[in-house]
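An overview of the molecular structure
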Amino acid sequence: NAGVMQNPRHLVRRRGQEARLRCSPMKGHSHVYWYRQLPEEGLKFMVYLQKENIIDESGMPKERFSAEFPKEGPSILRIQQVVRGDSAAYFCASSLTQRANTGELFFGEGSRLTVL
Amino acid sequence: ILNVEQSPQSLHVQEGDSTNFTCSFPSSNFYALHWYRWETAKSPEALFVMTLNGDEKKKGRISATLNTKEGYSYLYIKGSQPEDSATYLCAFVTGANNLFFGTGTRLTVIP
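Source: prediction; values computed, not measured.

**What to know about the overall build of chain B**
Assigned secondary structure in chain B consists of zero helices and 11 strands. Starting at the N terminus and walking to the C terminus, you meet the elements of chain B as β-β-β-β-β-β-β-β-β-β-β. By the compact-globule yardstick of 13 Å for 111 residues, chain B fits well, its C-alpha radius of gyration being 13 Å. Projected onto its principal axes, the C-alpha coordinates of chain B cover approximately 40 × 30 × 20 Å. Counting every position in chain B, which comprises 111 residues, the buried fraction comes to 51%. A fraction of 53% describes how many contacts in chain B between residues 6 or more apart in sequence connect residues 24 or more apart. Counting only carbon and sulfur atoms, one obtains 46% of the accessible surface of chain B, whose full area is about 5,400 Å². Charge separation in chain B, taken as the distance between the mean sites of 9 positive and 10 negative side-chain charges, equals 4 Å.

This is the structure:
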């Protein structure tokens, strides 16, 4: 059973370009979380999705950032018109259960975005 | 934004020493607390999911306790080994099924 797969692992973009980060959850998992880790900081919550629904996007910047988790295919975190401050590691996690008080998260290895 | 604090920020111990660190979280609207272990260049891995006040969980030499009334959890490592070197994260679970992480305690075990 493959773990949470994120790609690309490393992405370099110039200011103003778009970045797309993909996350395939573990098989059978329908809950996906995206976290951002800025240098020297912890994991900051961005968005929580279930299949075809955004449940909580309170941690996501209002502009330029969007996320989706379609019925088929991976979850995608999209950053439009990237700026240098978007440089960070973006981690995806998935869970099997609907209740996080019973099920742990399984993390991917992260996608490291560098904006030149 | 929920405030989840971990202390100390970093810790160096000698091989064989026992150690512990703290996670503080809001004592109201508690649903669960998670502990994760994060080795450098890898992804975080779950250690414990704790839900009940007074809970005590153990996995090998690592154990954790939970006090939901006062809003803290302790993680203990008995007889630290170099392979225990990692960052230990706690995460507070909200009623909206969301997890907010502390900044972690970075443990280095010196052989």
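Having put the structure on the table, let's press on.
**Let's talk about the state of the cysteines**
All names here are of chain A. Applying the stated criterion across every chain, the model contains two disulfides over all chains. Disulfide pairing places Cys23 opposite Cys92 at an S-S distance of 1.8 Å. Its torsion about the S-S bond being -55°, the disulfide of Cys23 and Cys92 is classed as left-handed. Of the two residues, Cys23 is situated in strand β3 (residues 19-24) and Cys92 in strand β9 (residues 88-95); the sequence distance between them amounts to 69 residues. A relative accessible area of 0% places Cys23 in the buried class. Its relative accessible area of 0% is what places Cys92 among the buried residues.

**So, the interface of chain A and chain B**
As a measure of interface size, the accessible area lost when the parts come together is often cited. At the interface, 20 residues of chain A touch 20 residues of chain B. Buried area between chain A and chain B, both sides added, is near 1,800 Å², and the carbon and sulfur share of it is 57%. The tally of links from chain A across to chain B stands at three residue pairs in polar contact (both at pLDDT 80 or more). For the side of chain A that touches chain B, the secondary-structure elements that each account for two or more residues are β4 (31-37) and β5 (43-50) of chain A. Considering only residue class, the side of chain A that touches chain B consists of nine nonpolar, seven polar and four charged.

**So, the pairing of strand β4 (residues 32-38) of chain B**
Residues and elements named next belong to chain B. A large share of β4 lies buried, amounting to seven of its seven residues. The two faces of β4 match: Ala32, His34, Tyr36 and Trp38 on one face and Leu33, Trp35 and Arg37 on the other face are all buried. Sheet analysis places β4 next to strand β9 (residues 86-93), joined by seven bridges and oriented antiparallel. Counterpart to Arg37 in the pairing with β9 is Tyr88. What sits between the antiparallel neighbours β4 and strand β5 (residues 45-50) is a turn of six residues, in which Ala41 has the positive phi angle 70°.

Parameters at a glance
Residues numbered from 1 in each chain as written. Chains lettered and ligands numbered in written order. Predicted model: local features only at pLDDT ≥ 70, side-chain atom pairs only at ≥ 80, totals over all residues. Heavy atoms only, no water. Helix = DSSP H or I, 4+ residues; strand = E, 2+ residues; numbered from the N terminus. Rg over C-alpha atoms; globule rule 2.2 N^0.38 Å. Buried < 20%, exposed > 50% of the residue type's maximum accessible area, 1.4 Å probe, protein only. Contact = heavy atoms within 4.5 Å. Areas by Shrake-Rupley, 256 points an atom, 1.4 Å probe, with all protein chains shown as cover. Lys, Arg positive; Asp, Glu negative; His and termini not counted. Charge placed at Lys NZ, Arg CZ, Asp CG, Glu CD. Disulfide = S-S within 2.5 Å. Buried area = accessible area lost by both parts, 1.4 Å probe. Polar contact = N/O pair within 3.5 Å; in protein donor to acceptor, adjacent residues only side chain to side chain. Nonpolar A, V, L, I, M, F, W, Y, C, P; charged D, E, K, R; others polar. Pairing = 2+ DSSP bridges.

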